[in-house]
Amino acid sequence: MERIVIIGGGFAGLNLVKKLNKDKFRIMVIDRNNFHCFPPLFYQIASSSLASANICFPFRREFIKHKNVTYHMGHVKDIDLKGKKVTTSYETLEYDRLIIAAGSTSNYFGMKNLDEMTFGIKTVAQAAHTRDEIIDRLERGAMEPDPKRRKELLSFLVVGGGPSGVEMAGALGEMKKFILPKEYPELSPDDVRITLVEGTGKLLGAMREKSSAKALEYLKDLLVDVRLNTTMKDYSDKYVTFGDGTKEYWETVIWTAGVKGEPMPGIPAECMGRGGRIMVDTYNRVKGLENVMAVGDIALMECDDYPHGHPQMAQPAIQEAANLAKNLNEGNFTHEFKYHDKGSMATIGKNRAVADLPGSSYSGIVAWLMWMLIHLLSILGMRNKITVMLNWIWNYFNYSTSLRLLLRPTQYPLRRHWGD
Ligand SMILES: Cc1cc2nc3c(=O)[nH]c(=O)nc-3n(C[C@H](O)[C@H](O)[C@H](O)COP(=O)(O)OP(=O)(O)OC[C@H]3O[C@@H](n4cnc5c(N)ncnc54)[C@H](O)[C@@H]3O)c2cc1C
């Protein structure tokens, strides 16, 4: 039986597992996390609206439904193309065909130390870390007698006006406007500064003008200061340097401004294209390599409709995975990939969302209900769907949640091998 190793169990990897013929292939899935997760709702973890477990699902529970599929925890350390082997932090797996579906990682555009100094929402762990930072700043701010220091502690800068940045800034704005007055009576909303900076002249760059303008209006309504045409050049000692040379103090910087392909050791430089993505043909086969394919965020398929590759979003990943599975199952690469754009959406707090569907745009409560429905349907696991729905209903009426918990690692020995 042919052995397929899939690196990454995200949208692309998991859809491959579902669609590949398990009578024909033995499938091994490598992922550094032992769960599949749902990135579009990471900002809700960061803003304490949902718990991590609500939007994650263990691979082992998912894979018991399928025969000939195994999960392998580990971070990919090397790909030996000649020997057809993948080495992770824990083991070496041999393959007949390799599918790389490792997604993307934050791109700091060469700025030093930003990975250590800024916060992010690119992974569940990052989102949870960001949530802890926000709660920590609120608690410290509530105790701080010096008004100047209090304002410093409560300064949040979100960098990047794409969907992640807009959604994150909107969630912080809701916290400032609705939660603070109830749960932090020591603080005045004026103590909290939330700013979103975007390098171009438009929020939600990939969406229509109307939706972008609406998102700006919603953010202003949620007391978020939006600065367009503003780039960040450096961040050191808590001072952000902007493109025009001005420096400002920001205690917490949340970076959502760019992504690049997840680095894959062993893939030759000549296979790499723009944005650290792996170049593939219209069948998702890596250009210049035998029996190696790439799908999802990490794959760069340059075509007439998308000369710079498909957008790094869930739909291209899901659709590429389905098309590749069809070709592999049939044993012949006859179906070229064609992306069907089903539209895009973003939510900016309760009752406020924007949606661009083919042919029409929506905003307000209609877009918000559509956004909720689509996200609920997409989350893996019935229990998760129900929990998320109940959480949203509960939050809708009173913004109250028991998730603003600050859990600190204290006494237990930190396991060095966790960082492998
Ligand atoms: C905060 C946020 C919000 C988003 N919102 C939206 C949205 O609203 N709509 C939308 O369409 N898209 C959204 N996206 C983008 C969407 O999540 C991605 O396009 C999609 O997840 C890509 O799927 P993928 O399978 O290529 O990668 P992922 O889903 O990222 O999966 C990659 C998997 O590979 C694993 N992995 C990575 N590197 C290694 C390694 N070296 N070793 C082992 N395992 C590894 C990871 O743990 C992960 O499980 C959002 C992304 C983020 C981060």
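Owing to the predicted nature of the structure, the values given are computational and were not obtained by experimental measurement.

**Looking at the overall build of the protein chain**
For step 1, the next point in the chain: In terms of regular secondary structure, the protein chain is built from eleven helices and 24 strands.
For step 2, the next point in the chain: Across the 420 residues of the protein chain, 41% fall into the buried class.

**With respect to the sheet that holds strand E20 (residues 292–294)**
For step 1, the next point in the chain: Taken together, the five strands give an open sheet; going across it, the order is E5-E2-E1-E9-E20, and neighbouring strands pair in parallel fashion. Each of the sheet's edge strands pairs with one partner strand only, and the pair in question is strand E5 (69–73) and E20. Strand-to-strand twist in this sheet, taken as the mean axis angle between neighbours without regard to direction, amounts to 20°.
For step 2, the next point in the chain: Pairing analysis gives six bridges linking strand E1 (residues 2–7) to strand E2 (residues 25–31), with the strands arranged parallel. The residue of E2 that forms the bridge with Val5 is Met28.

**Structural notes on the site of the ligand**
For step 1, the next point in the chain: Near the ligand there are 33 residues, and of these Gly8, Gly10, Gly103, Gly296 and Met313 occur at the shortest range.
For step 2, the next point in the chain: Of all the elements in the fold, those that place two or more residues in the shell around the ligand are helix H1 (11–19), E2, helix H2 (42–46), helix H7 (163–183) and helix H9 (314–330).
For step 3, the next point in the chain: The residue makeup of the shell around the ligand, split by class, is 17 nonpolar, eleven polar and five charged.

**So, the domain arrangement of the protein chain**
Quoted interface sizes are often the accessible area lost when the parts come together.
For step 1, the next point in the chain: According to the domain assignment, the protein chain consists of domain 1 (2–106 + 259–330) and domain 2 (114–257).
For step 2, the next point in the chain: For domain 1 versus domain 2, the distance between C-alpha centres works out to 32 Å.
For step 3, the next point in the chain: Every contact between the two is made by 14 residues of domain 1 and, on the other side, 17 residues of domain 2.
For step 4, the next point in the chain: When residues of the side of domain 1 that touches domain 2 are traced back to their parent elements, those giving at least two are H2 and strand E10 (104–106).
For step 5, the next point in the chain: In terms of residue count, the dominant contributor to the side of domain 1 that touches domain 2 is H2 (five residues).
For step 6, the next point in the chain: Among the residues forming the side of domain 1 that touches domain 2, the class breakdown is seven nonpolar, seven polar and no charged.

**Considerations on helix H5 (residues 124–143)**
For step 1, the next point in the chain: If you check H5, its first and last C-alpha atoms are 29 Å apart, about what 20 residues at 1.5 Å a residue would give, namely 28 Å.
For step 2, the next point in the chain: For H5, the set of buried residues is Val124, Ala127, Thr130, Arg131, Ile134, Leu138 and Gly141. End-on view of H5: buried residues confined to an arc of 125°, all on one side of the axis. Set apart from the buried face of H5 by more than 90 degrees, the exposed residues are Ala125 and Met143.
For step 3, the next point in the chain: The inward-facing, buried residues of H5 abut strand E3 (35–37), H2, strand E4 (56–58), helix H6 (147–153) and strand E17 (252–255).

**Some thoughts on unusual backbone geometry**
For step 1, the next point in the chain: Of note in the backbone geometry, Asn113 takes a positive phi value of approximately 65° without being a glycine.
For step 2, the next point in the chain: Relative to the assigned elements, Asn113 resides in the loop between E10 and helix H4 (114–117).
For step 3, the next point in the chain: Residue classification places Asn113 among the exposed residues on the basis of 11 C-beta atoms within 10 Å.
For step 4, the next point in the chain: You will see that Asn351, though not glycine, has its phi angle at about 65°, which is positive.

**Section: the environment of Gly161**
For step 1, the next point in the chain: With respect to the element layout, Gly161 can be found in the loop between strand E11 (155–159) and H7.
For step 2, the next point in the chain: With 95 residues separating them in the primary sequence, Gly161 and Thr256 have C-alpha atoms 7.9 Å apart.
For step 3, the next point in the chain: Apart from residues lying up to four places away in sequence, Gly161 is in contact with Val166, Leu196, Glu198, Leu203 and Leu204.

**So, the sheet that holds strand E22 (residues 344–347)**
Hydrogen bonds along the backbone pair up the strands of a sheet, which may run parallel or antiparallel.
For step 1, the next point in the chain: Overall, antiparallel pairing links the three strands, which are arranged E22-E23-E24 in an open sheet. Two strands lie at the open edges of the sheet, namely E22 and strand E24 (360–363), each paired on one side alone. Sheet twist, expressed as the average angle between the axes of neighbouring strands with direction ignored, equals 5°.
For step 2, the next point in the chain: Pairing between E22 and strand E23 (residues 353–357): four bridges, direction antiparallel.

**A closer look at the packing of H7 against helix H8 (residues 209–221)**
For step 1, the next point in the chain: Running from N to C, H7 and H8 point in directions that differ by 25°, and their axes come no closer than 9 Å. As the angle between them shows, H7 and H8 are arranged roughly parallel. The way H7 lies across H8 gives a crossing that is left-handed. Touching Val166, Ala169, Gly170 and Gly173 of H7 are Ala215, Tyr218 and Leu219, all from H8.
For step 2, the next point in the chain: Across the contact of H7 with H8, the residue classes break down as five nonpolar, two polar and no charged.

**Considerations on helix H11 (residues 382–398)**
For step 1, the next point in the chain: The first and last C-alpha atoms of H11 sit 25 Å apart over 17 residues, in line with the 24 Å expected at 1.5 Å per residue.
For step 2, the next point in the chain: Looking at the residues trailing H11, positive phi occurs at Tyr399, about 55°.

**Some thoughts on the pairing of strand E6 (residues 76–80)**
For step 1, the next point in the chain: Strand direction decides the pairing type here: E6 and strand E7 (residues 85–88), joined by four bridges, are antiparallel. Counted as the bridge partner of Val76 is Thr88 from E7.
For step 2, the next point in the chain: Adjacent in sequence and paired antiparallel, E6 and E7 are bridged by four residues, among which Lys84 carries a positive phi angle near 55°.

**Some thoughts on the nonpolar core**
For step 1, the next point in the chain: Counting 61 residues, the largest nonpolar core has Val159, Met168, Ala169, Ala215, Leu219 and Val253 as its most contacted members.
For step 2, the next point in the chain: Sort the elements by how many residues they give to this core and H7 lands first, with seven residues.
For step 3, the next point in the chain: For Ala169, the residues in contact, after removing those within four places along its chain, are Val158, Ile194, Leu196, Leu219 and Val224.
For step 4, the next point in the chain: Counting 46 residues, the second largest nonpolar core, distinct from the first, contains Ala12, Ile79, Leu98 and Ile298.

How each quantity is defined
- Counting from 1, residues in each chain are numbered in the order their sequence is written.
- Two thresholds apply to this predicted model, a pLDDT of at least 70 for residue-level local features and 80 or more for giving and counting side-chain atom pairs, whereas whole-chain, interface and lining totals are computed over all residues.
- In DSSP terms, a helix is any run of H or I states spanning at least four residues, a strand is any run of E spanning at least two, and both are numbered starting from the N terminus.
- Labels follow a simple rule on C-beta atoms placed from the backbone: if 20 or more others lie within 10 Å of a residue's own, it is buried; if 12 or fewer, it is exposed; otherwise it is partly exposed.
- Two strands are said to pair when DSSP picks up at least two bridges between them.
- Simply put, an axis is a line fit to the C-alpha atoms, just over the touching stretch for a helix, and the angle between two N-to-C directions goes from 0 to 180 degrees.
- Each residue receives a C-beta atom built from its backbone; the residue is near a molecule or strand if that atom lies within 6 Å of it.
- Polar here means any residue other than Ala, Val, Leu, Ile, Met, Phe, Trp, Tyr, Cys and Pro, which are nonpolar, and Asp, Glu, Lys and Arg, which are charged; Gly is therefore polar.
- Boundary definitions for the domains trace back to an automatic or database domain assignment.
- In this description, any two residues whose backbone-derived C-beta atoms lie within 7 Å of each other are considered to be in contact.
- Here, expected helix span is obtained from the residue count minus one, scaled by 1.5 Å.
- Read the arc as the range of directions from the helix axis to the C-beta atoms.
- If an angle is under 35 degrees, it is roughly parallel; if it is over 145, roughly antiparallel; if it lies from 65 to 115, roughly perpendicular; otherwise it is oblique.
- Here is the rule for handedness: rotate from the far helix to the near one, and if that takes an anticlockwise turn smaller than a right angle the crossing is left-handed, while a clockwise turn gives right-handed.
- Joining buried Ala, Val, Leu, Ile, Met, Phe, Trp, Tyr and Cys residues through C-beta atoms within 7 Å gives a set, and that set is a nonpolar core.

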